[in-house]
Amino acid sequence: MSHVINGNRIYVQGRCWKNYARFSAKSGKTAENALVFTSVFRDKMLHIGHELLYNKRKSRRRRKIVSDFGEELSSLMAKKTISAENLCQMAELNPAYLEKLKCGKLLPSNYGVVKKISEVLGLVPEEEYQLWNSYKVSKLGEKHMCTEEALKALFALPAARPQRVLGKINAVSLQNGVPICGRERVYQAIRQLLRESTDSADLLLHVEQQEFCQILGEEIWEKGADYRCRLLLYLREERMAEKNVASFGMLVQALLSGRIEVHYNYIVAEKLVDYILFPFLIRTEQALLLLNQDLSAALYLDEPETVAIYGSYFQKKYGNARQLCAVFESADRFIRESQMFFAEDGSTKPMDFYILSRKPCVIFENDEKIVREHVCAENMADGFVENYMTFLYEKIFSGVKKMKILFCRDGMTDFLNSEEFHEFHPTVDKPIPKAVRQELFGKMIRQAQENDNMQLGLLENALFTRRRHCINLWSTGKMLLMFDFEDSYRLVLLQENTIVSAMIEYFRALRKAEAVRTKEETLEIMQQELDAC
């Protein structure tokens, strides 16, 4: 099937339909034809869905990314006016090896080579990061770097609530059955539709546009607490899991409003939506927008019968999908309501547990007395400590085989030396005294030395910009994100395999690229930091 949008005309199979009204009149049906119009050839395409999904080219041209490091190295050498001969002598490198590095034929064998070159060149922190990042891009590849960019966006969120665009929007003329062409005009129509909505909105989307997520977040945050928004998110198949991480990362700020319920499903065949003119939609109480795949065109419909048909269509799809995540604004509510995510699934297979944070997490391995004395704030509800400890050991750590804790050096220094430090958030816990923190830190070192299943890793050039943002991952497909926004905090609990698997694969790739210090090196650095206190 071919479809082209040109001005106000839509060409389907070479036939021009000036607008939806004429298309409906031509077929003799109005409301019923709305679904047919947006899913032409769906039935005809289902029988070849598996062919589209599995019969993919086995050989792909790989983009040459090894040269990224070589180009950066050559640029910095020219900037520092150092010859290849001098660099080889001072960094103890073979001239032929250096030449291959510069030409992009080889990558440094490990991070130590990159560090030595940086020291010889006398790079400032920004230049050292550029060289290190080019090495990492070349070593990890685009797939894992896509995951890293999504993680950076998560850790860089400055506030739960986005800043809304001030002033009036450029209104778009929304007429029943008339196409809207151009991404800017589609974005304006989306904003206009959401602003006019007072009670609820239904969204069926595959998210890839950051600007759309920004609009969604701004408009949903402005709604009242009773506003209800349901989002059916279409995710990609497992081989493109890093794209799902990116989609989730773009949506997080909108999700933090707590007004969006998210369910998810998978695109059966990635190319199948190419045969549907408007596969996605946004529906409010009185109108809807049908959207094409890249949000560059839309169709506005406001006939009550048509809107009702799409309401039933969405309800069926949404009801058959699985819940993606839940957002909690308090620790009490999180412990009370998150049990369904940790329900027994009948599996006895041991799992790995990851903690990714700016500072080392030490409180989880201590007894109830430590938690009661140094964590629980006076304004917390009665029984919080008991509920928290029960939840921690029966739900969080039950069945954990290996625990892997990743953190960065400046977070470790901040943990040991800052005058006031909260493990969670000032509204949840009391500050932990410096002497107690150092004692817990020493205990963590000793436990890691004695326990082979407890793995600590110091991240080189870490991703963190916020002090207490943290990610917990279970290899069974669960993720807990903790966001600290100084004046408030949010907990986001997600359960979806492809997103969690992509993140775990990224952490493993970091170890292979030697972007994470070994356990022995990490413990040595930790002991040095503790001795220096």
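Residues numbered from 1 in each chain as written. Predicted model: local features only at pLDDT ≥ 70, side-chain atom pairs only at ≥ 80, totals over all residues. Heavy atoms only, no water.

### Thoughts on the packing of aromatic side chains
Just so we agree on the cut-off: To pair, rings of Phe, Tyr and Trp, with the six-membered ring standing in for Trp, must have centres within 6.5 Å; the planes then decide the type, stacked if under 30 degrees apart, edge-to-face if over 60, and tilted in the middle. Only protein chains enter the area calculation, which uses a 1.4 Å probe; residues under 20% of their type maximum are buried, those over 50% are exposed, and those in between are partly exposed. Charge-over-ring placement is defined geometrically: NZ (Lys) or CZ (Arg) within 6 Å of the ring centre, and within 35 degrees of the ring normal.
For the structure on display, the rule yields 13 aromatic pairs. Arranged with centres 5.4 Å apart and planes meeting at 75°, the rings of F328 and F334 form a pair that is edge-to-face. For the pair F328 and F334, a shared accessibility class is recorded, and that class is buried. Summarising the aromatic geometry, the rings of Y506 and F507 are spaced 5.6 Å apart at their centres and angled 55° between planes, so their arrangement reads as tilted. Judged by relative accessible area, F507 falls into the buried class, the value being 3%. Feature note: the residues F69, W132 and Y135 constitute an aromatic cluster, connected by ring pairs. Lying across the ring of Y318, R230 places its NZ or CZ 5.2 Å from the centre.

### Examining the pairing of strand β13 (residues 400–408)
Here is the rule we go by: Strand pairing is assigned whenever DSSP detects at least two bridges linking the two strands. Strands are runs of DSSP state E lasting at least 2 residues, helices are runs of H or I lasting at least 4, and numbering of each runs from the N terminus.
Here strand β12 (residues 351–357) pairs with β13 via six bridges, running parallel. When the sheet's bridge partners are listed, M351 is paired in β13 with V400. Alignment of β13 against strand β14 (residues 454–459), held across six bridges, turns out to be parallel. Note on β14: the bridge partner recorded for M403 is M454.

### Notes on the side chain of E496
Our working rule: Charge assignment: positive for Lys and Arg, negative for Asp and Glu; neither His nor the chain ends contribute. Definition used for salt bridges: Asp or Glu carboxyl oxygen within 4 Å of a side-chain nitrogen of Lys or Arg. The term polar contact refers here to a pair of N or O atoms within 3.5 Å; inside protein, the definition further demands a hydrogen-donor-capable atom paired with an acceptor-capable atom, and it admits residues adjacent in sequence only when both atoms are side-chain atoms. Note on contacts: a residue pair is in contact if any heavy atoms of the two residues lie within 4.5 Å.
Its location among the elements puts E496 in the loop between β17 (489–495) and α20 (497–512). Here E496 sits buried without a salt bridge, and the closest side chain of opposite charge, R322, lies 7.1 Å off (N-O distance). There is a polar contact of 2.4 Å between the side chain of E496 and the side chain of Y266. The contact partners of E496, leaving out residues within four places of it in the chain, are L235, Y264, Y266, L324 and G477.

### Focus on the pattern of salt bridges
Applying the stated criterion to the full structure yields 21 salt bridges. The partner of E218 in a salt bridge is R191, and the shortest N-O contact between them spans 2.9 Å. Here E218, found in helix α12 (residues 210–221), pairs with R191, found in helix α11 (residues 183–196); they are 27 residues apart in sequence, far enough to count as distant. The two residues E218 and R191 agree in class, both being buried. When salt bridges that share partners are traced, they join K136, E148, E149 and K152 into one network.

### Details of the environment of C533
With respect to the helices and strands, C533 occurs in the segment after α21 (519–532). Of the residues examined, C533 reaches a relative accessible area of 41% and is grouped as partly exposed. Put simply, C533 and K434 are 99 residues apart on the chain and 10.0 Å apart in space, counted from C-alpha to C-alpha. Sequence-distant contacts of C533, defined by excluding residues within four places in its chain, comprise L416, N417 and Q438.

### Remarks on the confidence of the model for the protein chain
Rules: A residue's pLDDT is simply how confident the predictor is in it, with values from 0 to 100.
Here the protein chain averages 79 in pLDDT, and 75% of its residues register 70 or above. Across residues 1–66, where pLDDT falls below 50, the model places 109 contacts with residues more than four positions away in sequence or in other chains.

### With respect to helix α14 (residues 304–320)
Under the convention used in this document: Take the residue count of a helix, subtract one, and multiply by 1.5 Å to get its expected span. Within this analysis, the arc is defined by the directions that extend from the helix axis to the C-beta atoms.
With 17 residues, α14 ought to run about 24 Å at 1.5 Å a step, and its terminal C-alpha atoms sit 25 Å apart, in line with that. Those residues of α14 that fall on the buried side of the exposure criterion are T306, V307, Y310, G311, F314 and Y318. Projected onto a plane normal to the axis of α14, the buried residues spread over an arc of 140° and lie on a single side. Along α14, exposed side chains directed more than 90 degrees from the buried face belong to E305, S312, K316, G319 and N320.

### Thoughts on the packing of α11 against α12
Cut-off, in case you're wondering: Inter-axis angles, ranging from 0 to 180 degrees, are taken between N-to-C directions of lines fitted to C-alpha atoms, where helices are fitted over the stretch in contact. An angle counts as roughly parallel when it lies under 35 degrees, as roughly antiparallel when it exceeds 145, as roughly perpendicular when it falls between 65 and 115, and as oblique in every other case. Each crossing gets its hand from how the near helix is turned against the far one by less than a right angle, where anticlockwise is left-handed and clockwise is right-handed. Classification used: nonpolar for Ala, Val, Leu, Ile, Met, Phe, Trp, Tyr, Cys and Pro, charged for Asp, Glu, Lys and Arg, polar for all others including Gly.
Where α11 meets α12, the closest approach of the two axes is 10 Å, and the angle between their N-to-C directions is 20°. As judged from the angle between their axes, α11 and α12 are roughly parallel. For the pair α11 and α12, the sense of crossing is right-handed. For the pair α11 and α12, contact is made by E184, Y187, I190, R191, L194 and R195 and by E211, F212, I215, L216, E218 and E219, respectively. Partitioned by chemical class, the residues of the contact of α11 with α12 number six nonpolar, no polar and six charged.

### Some remarks on the environment of A308
Along the polypeptide, A308 turns up in helix α14. Once the C-alpha coordinates of A308 and A287 are considered, the two residues, 21 residues apart in sequence, prove to be 9.4 Å apart.

### Structural notes on the packing of helix α18 (residues 409–417) against helix α19 (residues 434–450)
With their axes 7 Å apart at the nearest point, α18 and α19 run at an angle of 130° to one another. The pairing of α18 with α19 is recorded here as oblique in orientation. Only K434, R437, Q438 and F441 of α19 make contact with α18, whose side of the interface consists of M412, D414, F415, L416 and N417. Residues of the contact of α18 with α19, tallied by class, amount to four nonpolar, two polar and three charged.

### Quick look at the nonpolar core
To keep things clear, this is the line we draw: Side-chain atoms within 4.5 Å are what join buried Ala, Val, Leu, Ile, Met, Phe, Trp, Tyr and Cys residues into a set we call a nonpolar core.
Counting residues in hydrophobic clusters, the biggest one holds 119 residues, and the most contacted among them are I190, F212, F248, L291, M479 and F507. Residue contributions to this core peak at nine residues, all from α20.

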